[in-house]
Amino acid sequence: MSYYPLNSIPDYFGIDSLLTEEHLLIRQSVRDWVESFVMPKIDEAAQNHTDIPDLMKELGKIGALGPYISEEYGGSGLDQISYGIIMQELERGDSAVRSAASVQSSLVMFPINEYGSEEQKKKFLPQLASGNIIGAFGLTEPNHGSDPSSMETYFVDKGDHYLLNGAKMWITNAPVCDIAVVWGKNEEGKVQGLIVERAFDGFTTPTTHNKWSLRASKTGELVFDNVKVPKENLLPKVTGLKGPLSCLNSARYGISWGVIGAAIDCYCTAVQYAKERSQFGKPIASFQLQQKKLAEFLTEITKAQLLCLQLGNLKNDHKATPAQISMAKRNNVKMAIEIARESRQILGGMGIMGEFPMMRHAANLESVITYEGTHDIHLLITGMDITGINAFG
C-alpha cells in the first residue's frame, strides 16, 4: 500500500502538457513497477543493509538500463527526457535503486557506447542492458576524489596485455559487478579507460560496510594487483579526463531528475499526513507553519522540474554544458535533501519510522549530495563558468 494516492503527485505548472505521449507512458510504466516491486521491499532492505534481489535484471526488463542506447546494442533508443523521467521514478522508490541504474547506464554503458570498439559494444552492451551482467565505474580513489587528475591507478604495456595496479573507492555495485570501466594512467601519464572483467586474476572488490546511507545499495572498492587486461579491453576512442568527466555529466544529469522523485515522495507523504493528523482539535494542515512548509516544498519541486525539463531539451539538442548540468545537480539535490529533512518534522516522531520514507531519503541524499561531484565543487564549476577563473587550486 502506498503512502498517498498517486494523483497527488505534483504537476503545479502543467509540465505534463510539455511531455510527449511516449514520455507519459514510460513514466507510468516505471511508476507502476516502483509501486509493485520496490516499495514493498525497500524499508526492509534499507533496515537490514541488503540490496533488493534480482534488482538489475528487473531494471533490465522495464528498459531502465541504458534507455538512450540504440536498439542495435540492446537499448531502447529513447531521448534524454525519457532517461530523466525513468531516473525520477526510480528515486521516488529509493536512491539506491536509481544509483544502480545510473551507474549501469551513465557510467558503464555510456563510455562503452561512446568510446568503445564495435566488438566491445556487441559483447557488453546487450548484456548490460538486460541486467544479465552488472557494471561498476572506477574513478574515485582513496586519496583522490574531487581531483581525479591526481589518480594513482596506472597500467603499463606488456606487449600482449596491459598490467593494471591501483585501487578505487566508494564504488556502487563493486561487490556484485561482473565488469568495471576503470580509469587509470598509461606510461605517458595520460588517462585511459579499461574494461576489467571479474574473472581477471588480481582483481578484487571488498565490500564497504557500516554505511548510514544508501543501505539498500552494494558499495565497495576495486583493487588491482598486477591485473592482466587484454589489449582489446582498452577503450580506444578517448584519451584524457574528457572520458570519465563526460560519463559524470551523464550521471549528474540523471541525478538532477532522480532527486525530484525523492522530494516528491517526501512531499506527498507530508501532505497526506498533515491532512490526517489532528492536534488541538483540527488537522495540522490548517496551521500556518505547516502550510508554509508545504507551499515551499511544492515551489522548489516545481522549479526543479522546470530546470530539468529544459536541461533535457538542451541534452537532446547536444547543447547542454557541463556547467549547466552542475547547476541542476547542485540545486536539485539541495532542494531534495531540505524537503526530506523538513517534511520529517511535519510527521513529528513518526517521521523517523520505517513506515514513512523521510529518514531513508534524507540519509540517502547525504551520499547523493557528495557523489558525482560534491555540493561545493559544483558551486565552483558554476563560479568558474561565470568568471572564467578557476578557483579549485
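What you see is a predicted model; the values in this text were computed from it and never measured.

## Overview of the pairing of strand 2 (residues 154-157)
1) Next: In this sheet, strand 3 (residues 161-172) lies alongside strand 2 in antiparallel orientation, the contact comprising four bridges. Each residue of the ladder has a partner; that of Phe 155, found in strand 3, is Leu 164.
2) Next: Where strand 2 folds back on strand 3, the antiparallel hairpin that results is connected by three residues, among which Gly 159 adopts a positive phi of roughly 95°.

## Thoughts on the pairing of strand 1 (residues 135-138)
1) Next: Burial of the side chains of strand 1 extends over both faces: Gly 135 and Phe 137 are buried on one face and Ala 136 and Gly 138 on the other.
2) Next: Note that strand 1 and strand 4 (residues 179-185) share four bridges and pair parallel. Bridge pairing in strand 4 links Ala 136 to Ala 180.

## Concerning a nonpolar patch on the surface
1) Next: Judged by side-chain polarity, Met 350, Ile 352, Met 353 and Met 359 come together as a nonpolar surface patch covering roughly 360 Å² of accessible area.
2) Next: Relative to the assigned elements, Met 353 resides in the loop between helix 8 (322-346) and helix 9 (358-368).
3) Next: What makes Met 353 partly exposed here is its relative accessible area of 35%.

## Some thoughts on the nonpolar core
1) Next: Membership of the largest hydrophobic core comes to 102 residues, with the highest contact counts inside it found for Trp 33, Leu 59, Leu 90, Ile 112, Leu 128 and Trp 183.
2) Next: Counting residues per element, this core draws most heavily on helix 6 (residues 242-276), which supplies 18 residues.
3) Next: In this structure, Ala 174, Ala 180, Leu 222 and Val 227 belong to the second largest nonpolar core, which totals 18 residues.

## Describing the pattern of salt bridges
1) Next: Inspection of every chain in the model, using the stated rule, returns 16 salt bridges.
2) Next: Across the pair Asp 157 and Lys 231 runs a salt bridge, and its minimum N-O distance is 2.9 Å. A residue pair is termed long-range when its members are at least 10 positions apart, and Asp 157 in strand 2 and Lys 231 in the loop between strand 7 (219-230) and helix 6 qualify at 74 residues.
3) Next: Between Glu 296 and Lys 292 there is a salt bridge whose closest N-O contact spans 2.9 Å. Residue Glu 296 and its partner Lys 292 are both found in helix 7 (residues 288-316); the two are separated by four residues, about one turn of the helix.

## Quick word on the packing of aromatic side chains
1) Next: Taken as a whole and assessed by the stated rule, the structure comprises nine aromatic pairs.
2) Next: Between Tyr 68 and Tyr 83 the ring centres are 5.0 Å apart and the planes differ by 90°, which places this aromatic pair in the edge-to-face class. Residue Tyr 68 is located in the loop between helix 2 (55-61) and helix 3 (80-93), and its partner Tyr 83 is located in helix 3; the two are separated by 15 residues in the primary sequence.
3) Next: The exposure class of Tyr 83 is buried, given its relative accessible area of 0%.
4) Next: Three or more aromatic residues joined by ring pairs make a cluster, and in this case those are Tyr 68, Tyr 83 and Tyr 253.
5) Next: Sitting over the ring of Tyr 253, Lys 315 keeps its end group 5.3 Å from the ring centre.

## Concerning the packing of helix 4 (residues 95-115) against helix 5 (residues 118-130)
1) Next: Between helix 4 and helix 5, the least distance of the axes is 9 Å, while the angle of their chain directions is 160°. Taken as axis vectors, helix 4 and helix 5 run roughly antiparallel relative to one another. In this structure, the crossing between helix 4 and helix 5 has a hand that is left-handed. Residues Gln 104, Val 108, Met 109, Ile 112 and Asn 113 of helix 4 form the contact with helix 5, whose participating residues are Gln 120, Lys 121, Phe 124, Leu 125, Leu 128 and Ala 129.
2) Next: Broken down by class, the residue content of the contact of helix 4 with helix 5 amounts to seven nonpolar, three polar and one charged.

## What to know about the domain arrangement of the chain
1) Next: Segmentation of the chain into domains returns domain 1 (15-130), domain 2 (135-240) and domain 3 (242-387).
2) Next: The straight-line distance from the C-alpha centre of domain 1 to that of domain 3 is 20 Å.
3) Next: Taken together, both faces of the contact between domain 1 and domain 3 bury some 2400 Å²; the carbon and sulfur share is 63%.
4) Next: Counting the contacts that link domain 1 with domain 3 gives one salt bridge.
5) Next: Between Arg 360 and Asp 94 there is a salt bridge, with the nearest N and O atoms lying 2.6 Å from each other.
6) Next: Across the contact surface, domain 1 and domain 3 share twelve residue pairs in polar contact (both at pLDDT 80 or more).
7) Next: Of all the elements in the fold, those that place two or more residues in the side of domain 1 that touches domain 3 are helix 1 (21-48), helix 3 and helix 4.
8) Next: It is helix 3 that contributes the most residues to the side of domain 1 that touches domain 3, ten residues altogether.
9) Next: When grouped by side-chain class, the residues that make up the side of domain 1 that touches domain 3 number 15 nonpolar, eight polar and six charged.

## Let's talk about the side chain of Lys 211
1) Next: In this fold, Lys 211 is placed in the loop between strand 6 (203-204) and strand 7.
2) Next: Buried charge without a salt bridge: Lys 211, with Asp 94 as the nearest opposite-charge side chain at an N-O distance of 9.2 Å.
3) Next: Here Lys 211 is in contact with His 49, Ser 217, Lys 218 and Thr 219, once residues within four sequence places are set aside.

## A short note on unusual backbone geometry
1) Next: Unusually for a residue other than glycine, His 49 sits at a positive phi of about 60°.
2) Next: Within the element layout of this structure, His 49 appears in the loop between helix 1 and helix 2.
3) Next: Backbone geometry places Glu 372, a non-glycine residue, at a positive phi of 60°.
4) Next: Within the secondary structure layout, Glu 372 lies in the loop between helix 9 and helix 10 (375-387).

## Side note on the environment of Ser 36
1) Next: Tracing the chain through its elements places Ser 36 in helix 1.
2) Next: The class for Ser 36 is exposed, based on a relative accessible area of 52%.
3) Next: For the pair Ser 36 and Val 333, spaced 297 residues apart in sequence, the C-alpha to C-alpha distance is 26 Å.

What counts and how
- Residues numbered from 1 in each chain as written.
- Predicted model: local features only at pLDDT ≥ 70, side-chain atom pairs only at ≥ 80, totals over all residues.
- Heavy atoms only, no water.
- Pairing = 2+ DSSP bridges.
- Helix = DSSP H or I, 4+ residues; strand = E, 2+ residues; numbered from the N terminus.
- Buried < 20%, exposed > 50% of the residue type's maximum accessible area, 1.4 Å probe, protein only.
- Patch = residues over 30% accessible without salt bridge, like charges linked within 9 Å, V, L, I, M, F, W, Y side chains within 5 Å.
- Areas by Shrake-Rupley, 256 points an atom, 1.4 Å probe, with all protein chains shown as cover.
- Salt bridge = Lys/Arg side-chain N within 4 Å of Asp/Glu carboxyl O.
- Core = buried A, V, L, I, M, F, W, Y, C linked by side-chain atoms within 4.5 Å.
- Phe/Tyr/Trp six-rings, centres within 6.5 Å; stacked < 30°, edge-to-face > 60°.
- Lys NZ or Arg CZ within 6 Å of the ring centre and 35° of its normal.
- Axes fitted to C-alpha atoms, helices over the stretch in contact; angles between N-to-C directions.
- Parallel < 35°, antiparallel > 145°, perpendicular 65-115°, else oblique.
- Left-handed = near helix turned anticlockwise from the far one by under 90°.
- Contact = heavy atoms within 4.5 Å.
- Nonpolar A, V, L, I, M, F, W, Y, C, P; charged D, E, K, R; others polar.
- Domains from an automatic or database assignment.
- Buried area = accessible area lost by both parts, 1.4 Å probe.
- Polar contact = N/O pair within 3.5 Å; in protein donor to acceptor, adjacent residues only side chain to side chain.
- Lys, Arg positive; Asp, Glu negative; His and termini not counted.

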